[in-house]
Amino acid sequence: MTGRVDGKVAFITGAARGQGRSHAVRLAEEGADIIALDVCKQLDNVPFPMPTSEDLAETADLVKAKGGRVVTIEADVRDFDAVKAGLDGAVEQLGKLDIVIANAGLANEGGALVEMREDLWDDMIGVNLTGVWKSVKAAIPHLQANGSGSIVLTSSVGGLKAYPNVGHYVAAKHGIVGLMRTFAVELGHQNIRCNSVHPTHVSTDMLLNEGTFKLFRPDLENPGPDDLKPICQMFHVLPTPWVDSEDVSNAVLYLVSDEARFITGVPLPVDAGSMLK
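Residues numbered from 1 in each chain as written. Predicted model: local features only at pLDDT ≥ 70, side-chain atom pairs only at ≥ 80, totals over all residues. Heavy atoms only, no water.

### Describing the environment of Asn128
Of note, Asn128 is situated in helix α4 (residues 118-146). Asn128 gets classed as buried once you look at its relative accessible area, which sits at 1%. Every residue in contact with Asn128, bar those within four places of it in the chain, is listed here: Gly105, Leu106, Tyr169, Ala172, Lys173 and Ile176. A polar contact is formed between the side chain of Asn128 and the backbone nitrogen of Leu106, at a distance of 2.8 Å. (Helix = DSSP H or I, 4+ residues; strand = E, 2+ residues; numbered from the N terminus. Buried < 20%, exposed > 50% of the residue type's maximum accessible area, 1.4 Å probe, protein only. Contact = heavy atoms within 4.5 Å. Polar contact = N/O pair within 3.5 Å; in protein donor to acceptor, adjacent residues only side chain to side chain.)

### A word on the pattern of salt bridges
A side chain of one charge can pair with a side chain of the opposite charge if their charged atoms are brought near each other. Counting across every chain of the model gives 17 salt bridges. For Glu30, the salt bridge goes to Arg26, with nearest N and O atoms at 3.1 Å. Just as Glu30 is buried, Arg26 falls in that class too. In this structure, the salt-bridge partner of Asp76 is Arg78, at a minimum N-O distance of 2.8 Å. For Asp76, a relative accessible area of 16% corresponds to the buried category. Arg78 gets classed as partly exposed once you look at its relative accessible area, which sits at 29%. Among the ionic contacts, a cluster of salt bridges with common partners joins Arg26, Glu29, Glu30 and Lys66. (Salt bridge = Lys/Arg side-chain N within 4 Å of Asp/Glu carboxyl O.)

### Quick word on the sheet that holds strand β4 (residues 99-102)
Pairing is parallel across the open sheet formed by 7 strands, whose spatial order is β3-β2-β1-β4-β5-β6-β7. Two strands lie at the open edges of the sheet, namely β3 (70-74) and β7 (267-270), each paired on one side alone. Strand after strand, the sheet turns through a mean of 15 degrees between neighbouring axes, direction not considered. Direction of pairing for strand β5 (residues 149-154) relative to strand β6 (residues 192-199): parallel, over a ladder of 6 bridges. Across the sheet, residue Thr154 finds its bridge partner in β6, namely Val197. The strands that helix α2 (residues 53-65) touches are β2 (33-38) and β3; relative to β3, the one it contacts most, it runs at about 165 degrees. (Pairing = 2+ DSSP bridges. Axes fitted to C-alpha atoms, helices over the stretch in contact; angles between N-to-C directions.)

### Considerations on the packing of aromatic side chains
On inspection of all chains with the given rule, the structure shows 1 aromatic pair. With centroids separated by 5.9 Å and ring planes inclined at 50 degrees, the aromatic side chains of Tyr163 and Phe235 adopt a geometry described as tilted. With Tyr163 in the loop between β5 and α5 (167-187) and Phe235 in the loop between α7 (225-233) and α8 (245-256), this pair connects stretches of sequence that are 72 residues apart. For Tyr163, a relative accessible area of 21% translates into the label partly exposed. Judged by relative accessible area, which is 25%, Phe235 ranks as partly exposed. Here Lys137 stacks its cationic end above the ring of Phe80, 4.8 Å away from the centre of that ring. (Phe/Tyr/Trp six-rings, centres within 6.5 Å; stacked < 30°, edge-to-face > 60°. Lys NZ or Arg CZ within 6 Å of the ring centre and 35° of its normal.)

### Considering unusual backbone geometry
Phi is positive for Asn165, which is not a glycine, with a value near 70 degrees. Following the sequence through the fold, Asn165 ends up in the loop between β5 and α5. You will see that Asn191, though not glycine, has its phi angle at about 60 degrees, which is positive. The residue Asn191 is located in the loop between α5 and β6 in this model. Judged by its relative accessible area of 48%, Asn191 is partly exposed.

### Some points on the nonpolar core
Grouped together as the largest cluster of nonpolar side chains are 46 residues, with contacts concentrated most on Phe11, Ile35, Leu97, Ile151 and Leu153. When residues in this core are grouped by element, the largest group, 10 residues, is from α4. Those residues in contact with Ile35 that lie beyond four places of it in its chain are Val9, Ala10, Phe11, Ile12, Val71, Ile73, Leu87, Ala90, Val91, Leu94 and Leu97. (Core = buried A, V, L, I, M, F, W, Y, C linked by side-chain atoms within 4.5 Å.)

Distances and angles like these do not, on their own, reveal function.
Right, here's the structure in full:
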């Protein structure tokens, strides 16, 4: 099956690399044009290298190689005016908007909630929850003008159950479910659907970095991916330590395609059975 989103235009945040880039390329393979947004700078309190302008340009090249048109935007999802201005200009270029994938997110230091620094909490909620709301808010008028649309919000298994020492992340990702369900209720009469995806560990730079290795394996002097694998495997029923971005992209593609035209308000795990444990 090909052309599942043929002729549609998709707005994807966090598109410079990782899951966002994968979503952009997968949808372009199936006929979509892409509006790709990323912050493209290092944010405070993020313990691994953030995407760059060059990363976003590489995403654009990959989309073009699949035959899709692409417009890139460099903006912080916490800055509504910048997101709106960039998106409005991109829609003017591409003619319409059909799909929104609010995927941008960050990871920072953890710790017990009672001891957590306020700046860590504020950054996490600001990007992973408020930034999602602002991204979708900027896009809704274009979907309304189009007469239909599909929105997918990136949450996590941490949006469906709790984990210790990452309470700010868990709170943000649980909040995504509330946003998703409310958007679904408020926009359904306009034929605009909204769902969320809930990945387990994903093999991106957000997981596979020195900080994560040391967090999960403090007993080792120089831990690496192979040292992390048995820890991550413990979270899952299926025999894998993590899923790949493409696995999440396939779920996103289904949700935004006409195959899911009557599916809205659904939190969809892509979790290798993590929710069973």
